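Chain by chain, the residues run as shown.
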Amino acid sequence: MRIAIVGGSLRGTVAAYLAGKAGIESIVIDKSGDMPAFSVSDAHRVMDIFEREREAMRIFGDCDAVIPACEDPMLLSGLEEMLILSDVPLLFDMDAYIISSSKSASNGMMRSMGIPTPGKWQDCRYPVIVKPSSHSGGDGITKADSDDDVKEGINKIMRMGDVPLIQEFVRGNVISVDVIGHGRGHRSFAASVIVPDERYDCKRVLCVPCAERDAELRSIAAAIAGCVDLISLMSVEAIYSENGMKVIEIDARLPTRSPPAVLAATGINLLQETIDQKFGRAGTKAHAGVSSYEFFVITGGTMRACGEKEFAKIRHPEVVRGMFGCDEIITDHNDGRGTWRCAMICSAQNGDALEAKRKECIRTMMSECRITEFIDGLDHA
């Protein structure tokens, strides 16, 4: 099997990684010439698919499916239009994406469904969160403790060209679950804990089951999938607080955070599952396990846990098994630069064994690379 991945940044890197794990040949297409997904995929092309549409369609025609790994609405809609008369399926749900790409619209939909979401501003007390409606990955988020903070947060988002959404600040663990719909039903998968850094970007994903919590979020994900008639992959994020579950956002596209962790813990490859759903094939049965997927940047003798956006600066990464004792690592460690980055994947049978393993891998990395300082950063709770 062969797939085309349109977009070579972090999302494309995750797609190419998952394709490789499933034994699927991949070709990444991006108009920029130095993208991290290129070195993880089997082949790549540097091209603008609209300027060279005939060549792009020839590439797509040699593939069994196309998956977008990008955020540009013009590119997404143009890609859908290019393939609408083709026999090659697009692994994407544009209608669901349009809803999910606006936090204002998706929150309104969820409230109308009776799904618990953070309280609206002026119906709740400080602190509140000011965040852009359309951006993702922690971009532009401000925790506001006063009217002045709110104004500052709004101004920052307006400068980004986005619309502010102001909500109750909810304390608790951020939980994510993935769901795949096929028009006749849906299937949800293992939930993951998203550990944010001080900038609200994800620095670590922990796929460690919690039966009651996970069942509640999977039930909510199923309801949302039914409401939007989901025909592809979507992730649902919520905060699990002492006052219950509050859903904060949905994202109808291949996630960048959870898939490697879900694969390591359960054996479920979300890209393979999306393809199987599209072709009407039975999915893989999950096995029990736990995992971690976390990002680091190393400069000289200092190693620091970092968010996805910092890790996304990686160039020419390789996937290496067993390095520093972890299951796998995605890294540019061998490119000769003073600063290098890695995403470390560890799995185990239970939470205690996982924590011991990941700590030992960090110690081994520090020892072998002569790292003298480790900075984990701040966790939001």
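Presented here is a report on the structure given in the accompanying data block. Note that the structure is predicted; figures quoted are calculated from it, not measured.

### Regarding the sheet that holds strand S3 (residues 43-46)
Strand order across the open sheet formed by four strands is S3-S2-S1-S4, with parallel pairing between neighbours. The two strands at the open ends of the sheet, each matched to only one other strand, are S3 and strand S4 (65-68). Strand-to-strand twist in this sheet, taken as the mean axis angle between neighbours without regard to direction, amounts to 20 degrees. Strand direction decides the pairing type here: strand S1 (residues 2-6) and S4, joined by four bridges, are parallel. Each residue of the ladder has a partner; that of Ile-5, found in S4, is Ile-67. Sheet strands in contact with helix H3 (residues 73-83) are S1 and S4, and its direction is about 165 degrees off that of S4.

### Points about the pattern of salt bridges
Oppositely charged side chains are able to pair whenever their charged atoms sit close together. Under the definition given, this model contains 23 salt bridges. For Arg-315, the salt bridge goes to Asp-34, with nearest N and O atoms at 3.7 Å. Remark: Asp-34 occurs in the loop between strand S2 (25-30) and S3 and Arg-315 occurs in the loop between helix H10 (308-311) and strand S16 (318-321); sequence separation between them is 281 residues. Note on Asp-34: relative accessible area 34%, which makes it partly exposed. Between Asp-327 and Lys-357 there is a salt bridge, with its nearest N and O atoms 2.5 Å apart.

### Describing the pairing of strand S17 (residues 328-331)
Of the two faces of S17, the one carrying Glu-328 and Ile-330 and the one carrying Ile-329 and Thr-331 are both buried. In the sheet, S16 pairs with S17 via four bridges, with the strands oriented antiparallel. Along S17, the bridge assignment pairs Arg-321 with Glu-328. Sheet analysis places S17 next to strand S18 (residues 339-348), joined by four bridges and oriented antiparallel. Considered in S18, the bridge of Glu-328 is made with Ile-345.

### A word on the sheet that holds strand S6 (residues 142-144)
Two pairing modes exist for strands in a sheet, parallel and antiparallel, and in both the strands are linked by backbone hydrogen bonds. One open sheet holds the three strands; their spatial order is S6-S5-S7, and the pairing between them is antiparallel. The strands lining the two open edges of the sheet, one partner per strand, are S6 and strand S7 (164-168). Neighbouring strand axes in the sheet, compared pairwise and without regard to direction, differ in orientation by 25 degrees on average. In this structure, strand S5 (residues 128-132) lies alongside S6, joined through three bridges in antiparallel fashion.

Cut-offs and rules
Residues numbered from 1 in each chain as written. Predicted model: local features only at pLDDT ≥ 70, side-chain atom pairs only at ≥ 80, totals over all residues. Heavy atoms only, no water. Pairing = 2+ DSSP bridges. Helix = DSSP H or I, 4+ residues; strand = E, 2+ residues; numbered from the N terminus. Axes fitted to C-alpha atoms, helices over the stretch in contact; angles between N-to-C directions. Contact = heavy atoms within 4.5 Å. Salt bridge = Lys/Arg side-chain N within 4 Å of Asp/Glu carboxyl O. Buried < 20%, exposed > 50% of the residue type's maximum accessible area, 1.4 Å probe, protein only.

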